[in-house]
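As a plain string of letters, each chain reads:
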Amino acid sequence: LRDCPFYKAIAVVPADGGTLLIVDRGAVSLQRIWCSFELHITREKGKRLRLLTSRGQIGQGAVQSGPLVEAVADWDVTQTEASQDTDRRQILNFLTGGEKHEKDGIKTDKNRNFVKVNGWQKQLDDQRTEPGCRKRQGGKDEYAHEAKLFEKHKDKFEDLNQQVRSKVLQAVGAKAASGAAREPKEIDRIEMRGITLAEFYSLVKKVKKKSQEKDMKGWESLTWLDVIKLLQEIEPACASGLSYAESLGMGPRRPQAHFEEPIDGLFSEGVDAIGWFAEAQSLPESAVISIHSLFKSPADYNDDDD
């Protein structure tokens, strides 16, 4: 791997240079293990790391919160993938054991050269799976070889995870931690029940976490009604008859934009739509929006969808 273009490019970057990680809209780049390899080399060579999203540099301007920032903060190298399982195994081997072990579990000849088919494709030597291990992306069973690496070298993997997470926290942590908790308060005029983009993205993160805790279907499959019902567990004030905006205790706020989301529509599609709009309008995290489905208290919906 030290002979690959990715390694060589980072190695020759000047001392005052660094690596620029661009996180695309779907955070797909964070799902590729080759990006994990580049981040490892960046750290190994003592280079600087900058993080950019489509809205700008993380920690500056409007890029203080949102799905992309959260995707970076939640990044996990053990959940990254490659088009070839052999590449994924080789990189995971390298991250934990260096050049000495990077070919472990991959077919080699007596001279430790890769045995390739079609002139380029490496082959796994051990294809046993570990059904009891956490599933890979797409629900596939993890290979036993990789599962063993994750268990044996969990500290090394977490160290690499933390490198990226800490970069995000350094950039947005001060502002994120500055909001003091407030007492919930009623807002009589329903059209004034606005929330900021930052508060909405915070809700999205809480919904993801709560759905995992309850072992529900993937959060992407949740409807707005599912989310409204979860609100009663996420925000105690919502279980007492208040809307999400009222539970925040910020009082009446006039929204800059209003979103009509069908109660039986997918929450994830609404999150995407709001994100697209915020980006197109260059809205800061402090921008106030209103969402029809969140106007009322969860208790108001009861068993109907109105």
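(A) Representation of the packing of aromatic side chains. Counted by the stated rule, this structure contains nine aromatic pairs. Judged by centre distance (5.8 Å) and plane angle (50°), the ring pair of F200 and Y201 falls under tilted. The same class applies to F200 and to Y201, which are both buried. Between the aromatic rings of W224 and F267, the centroid separation amounts to 4.9 Å while the plane-to-plane angle is 80°, which identifies the pairing as edge-to-face. Taken together, the residues W224 in helix α8 (residues 224-234) and F267 in helix α11 (residues 267-280) connect sequence positions 43 residues apart. We note that W224, like F267, is buried. If you follow R89 out to its NZ or CZ, it ends over the ring of Y143, 5.2 Å from the centre.

(B) Representation of the pairing of strand β8 (residues 288-291) in the model. Here β8 shows a buried face lined by V288 and S290 and a second buried face lined by I289 and I291. In terms of strand pairing, strand β6 (residues 195-196) meets β8 through two bridges, oriented antiparallel. The residue bridging I195 from the neighbouring strand is I289, located in β8. As paired strands, strand β7 (residues 257-259) and β8 are joined by three bridges and run parallel to one another. Considered in β8, the bridge of A257 is made with I289.

(C) Inspection of the nonpolar core at higher detail. The biggest cluster of nonpolar side chains holds 33 residues, and the ones touching the most others in it are I195, F200, F267, I289 and I291. Take this core: its biggest share by element is seven residues, from α8. Discounting residues that sit within four places of it in the chain, I291 has contacts with I195, F200, W224, H258, F259, E261 and I274. Within the second largest apolar cluster, 24 residues are counted, among which are C4, V23, L39 and L95.

Procedures and definitions
- Residues numbered from 1 in each chain as written.
- Predicted model: local features only at pLDDT ≥ 70, side-chain atom pairs only at ≥ 80, totals over all residues.
- Heavy atoms only, no water.
- Phe/Tyr/Trp six-rings, centres within 6.5 Å; stacked < 30°, edge-to-face > 60°.
- Buried < 20%, exposed > 50% of the residue type's maximum accessible area, 1.4 Å probe, protein only.
- Helix = DSSP H or I, 4+ residues; strand = E, 2+ residues; numbered from the N terminus.
- Lys NZ or Arg CZ within 6 Å of the ring centre and 35° of its normal.
- Pairing = 2+ DSSP bridges.
- Core = buried A, V, L, I, M, F, W, Y, C linked by side-chain atoms within 4.5 Å.
- Contact = heavy atoms within 4.5 Å.

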